[in-house]
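Now for the letters of each chain:
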Amino acid sequence: MTTRICLINQKGGCGKSSLCFHLSGALARMGLSVLLIDCDPQGSLSQGFLGPAFVESLDASDTLAGLFDDQDRVTAPLLQPILTPIPMVSLIPASLHLARYNTPRPETSGLLQFALREFLESIADFDIVLLDCPPNLYQCTWNALLASDHVLIPVPPEDFGTQGLGAVHQAVSSARLLHPHLNLLGHVVTRCDRRLLIHQAYEQKLRQLYGESVLNCVVPEASAFKVALASRQPVAVFCARSKAAHSMNLLASEILQRVHRTTHQQRTVA
Ligand SMILES: Nc1ncnc2c1ncn2[C@@H]1O[C@H](COP(=O)(O)OP(=O)(O)OP(=O)(O)O)[C@@H](O)[C@H]1O
Ligand SMILES: [Mg+2]
């Protein structure tokens, strides 16, 4: 069974794309086949694997924009995942071609809302699909929410990082009206420097506010993530013994445990 997890937060720079990028390496090293969906017109995740020049040269039909036609209708896409240089990791890329479809008020957009969900139902099985969302709650994020089983919210432990979470939670609640089984997998503290008192204080505040929803594993601010990215490899592949790689392995395991627990609970209720 495929598990689909979208990473959302309207806060820019909180580590959504980095987490998708580096988690894919940790999950692949656990033997899981991973499909990454770049839902962000910025195309950061795609550029992470393929480089900016290659991504900019892609036709719209080879990117997630290929879900839509010239009249902004949903097409029956011929879109195929690209094999990345990392074994077991495939990618549906995105680029600026997607920007015109990332409209506000997505819940009023009729069939467009379900384009990604339908597409994911039509393609070959992967163990895990990670969907990287843009820093807003427009059409691309909405499509990802409706196409996912679980939502993961990366949150940096700072004032700006925690602002706007109410709107993110509201978007998840609204998506549940159309997709009742959508599960909030949790909040993950990202880019944390535990030497900083302010980061300690905000981590504690997040745990008080959201309780068990906050994952135990905290993603450290570490240069190893940036160095690995510059080499176009997830840190668990590029530098398997680094602390950063260790944190991705722990996070991947905790995510899988939560997914397993939720699936078990949903089956018991059904
Ligand atoms: N744990 C980390 N340690 C060090 N640098 C990080 C970490 N996480 C992210 N970064 C860096 O911070 C920047 C922003 O990260 P990223 O692009 O993943 O955020 P994002 O949430 O996807 O941003 P956007 O909302 O614009 O899509 C990048 O330069 C990335 O390399
Ligand atoms: Mg991003």
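The structure displayed is predicted, hence computed values, not measured ones. Each chain has its residues counted from 1, running along the sequence as written. The naming scheme follows written order: chains are lettered A onward, ligands numbered 1 onward. Only residues with pLDDT of 70 or above have their local features reported here, since the model is predicted, and side-chain atom pairs are shown and tallied only from 80 upward, although totals for entire chains, interfaces and linings are computed over all residues. Working from all heavy atoms in the structure, the side-chain values ignore hydrogens and water.

(A) Representation of helix α11 (residues 243-269). Taking 1.5 Å as the rise per residue, α11 with 27 residues should run 39 Å; its terminal C-alpha atoms sit 39 Å apart, in good agreement. All of the buried residues in α11 are A244, A245, S247, M248, L251, A252, E254, I255, R258, V259, T262 and T263. Buried residues in α11 make contact with β1 (3-7), α1 (16-29), β6 (150-155), β7 (183-189), α9 (223-230) and α10 (235-238). Helix and strand definitions follow DSSP, with helices as H or I runs of at least four residues and strands as E runs of at least two, each counted in order from the N terminus. A helix is expected to span 1.5 Å multiplied by its residue count minus one. Burial classification: accessible surface area is computed with a 1.4 Å probe over protein chains only, and a residue below 20% of its type maximum counts as buried, one above 50% as exposed, and the rest as partly exposed. Here, two residues are considered to be in contact whenever any of their heavy atoms come within 4.5 Å of each other.

(B) View of the nonpolar core. One finds I8, I37, L116, L120, L131 and L145 to be the most contacted residues of the largest nonpolar core, which totals 44 residues. Broken down by element, this core gets its largest block of residues, six residues, from helix α5 (residues 139-147). Once you skip the residues sitting within four places of it in the chain, I8 turns out to touch K16, C133, L137, T141, L145, V151, L152, I153, P154, V168 and V172. Counting residues in each nonpolar core, the second largest holds 39 residues, with I128, L152, V188 and A228 among its members. Within this scheme, the nonpolar core is defined by two criteria: the residues are buried Ala, Val, Leu, Ile, Met, Phe, Trp, Tyr or Cys, and they are joined through side-chain atoms within 4.5 Å.

(C) Seen up close, the sheet that holds strand β3 (residues 82-83). Pairing between strands requires that DSSP locate at least two bridges from one strand to the other. Pairing is mixed in the open sheet, where seven strands are placed in the order β3-β4-β2-β5-β1-β6-β7. Each edge of the open sheet is held by one strand with a lone partner, namely β3 and β7. When β3 meets strand β4 (residues 89-92), the two strands line up antiparallel, connected through two bridges. From the neighbouring strand, L83 faces β4, where its bridge partner is S90. The axes are straight lines fitted to the C-alpha atoms, using for helices just the contacting stretch, and the angles between their N-to-C directions are given from 0 to 180°. Running at roughly 165° to strand β5 (residues 128-132), α1 makes contact with β1, β2 (34-38), β4, β5, β6 and β7 of the sheet.

(D) Representation of the site of ligand 1. When we say a residue is near a molecule or strand, we mean one of its heavy atoms is within 4 Å of it. In the vicinity of ligand 1, 19 residues are found, and the nearest of them are K16, S17, S18, R191 and P220. N or O atoms within 3.5 Å of each other form a polar contact, as long as, within protein, one can give a hydrogen and the other can take it, and as long as residues adjacent in sequence are counted only when both atoms are side-chain atoms. A distance of 3.0 Å separates an oxygen atom of ligand 1 from a polar backbone atom of C14. Residue R191 places a side-chain N or O atom 2.8 Å away from an oxygen atom belonging to ligand 1. Residue exposure ignores everything except the shown protein chains as possible cover, and the areas themselves are Shrake-Rupley values with a 1.4 Å probe. With the chains in place, 83% of the 620 Å² that ligand 1 exposes on its own is no longer accessible. Those elements that provide at least two residues to the shell around ligand 1 are α1 and α9. Each residue belonging to the shell around ligand 1 can be placed in one class, and the counts come to seven nonpolar, six polar and six charged. Asp, Glu, Lys and Arg are counted as charged, while Ala, Val, Leu, Ile, Met, Phe, Trp, Tyr, Cys and Pro are counted as nonpolar; the rest, among them Gly, fall into the polar class.

(E) Just the packing of aromatic side chains, in detail. Here the aromatic set is Phe, Tyr and Trp, taking the six-membered ring for Trp, and pairing holds for ring centres within 6.5 Å; pairs whose planes are under 30 degrees apart are stacked, those over 60 apart are edge-to-face, and all others are tilted. For the structure shown, the criterion picks out two aromatic pairs. Judged by centre distance (4.5 Å) and plane angle (45°), the ring pair of F21 and F49 falls under tilted. Here F21, found in helix α1, pairs with F49, found in helix α2 (residues 44-50); they are 28 residues apart in sequence, far enough to count as distant. Here F21 and F49 have matching classes, each one buried. With 4.6 Å between their ring centres and 25° between their planes, F68 and Y101 make a pair best called stacked.

(F) Up close: the environment of L27. Looking at where L27 falls in the secondary structure, it is placed in helix α1. It is 20 Å that separates the C-alpha atoms of L27 and R191, two residues lying 164 residues apart in sequence. Dropping the residues within four chain positions of it, L27 is found in contact with L32, V34, I128, L130, A252 and L256.

(G) Molecular detail of the side chain of S33. With respect to the helices, strands and loops of the structure, S33 is situated in the loop between α1 and β2. The buried category is assigned to S33, whose relative accessible area is 19%.

(H) Highlighting helix α4 (residues 115-122). Of the positions making up α4, those classed as buried are A115, L116, F119 and L120. Buried residues of α4, seen end-on, are gathered within an arc of 125° and therefore sit on one face of the element. Exposed positions of α4 whose direction lies more than 90 degrees from the buried face are E121 and S122. Check the buried side of α4 and you find it contacts β1, β2, β4, β5 and α5. Here, the arc refers to the directions that run from the helix axis to the C-beta atoms.

(I) Expanded view of the pairing of β5. Most of β5 is tucked away: five of the five residues are buried. In β5, alternate side chains face the same way, and those of I128, L130 and D132 on one face and V129 and L131 on the other are all buried. The pairing of β1 with β5 spans five bridges and is classified as parallel. Bridged to C6 within β5 is L131.

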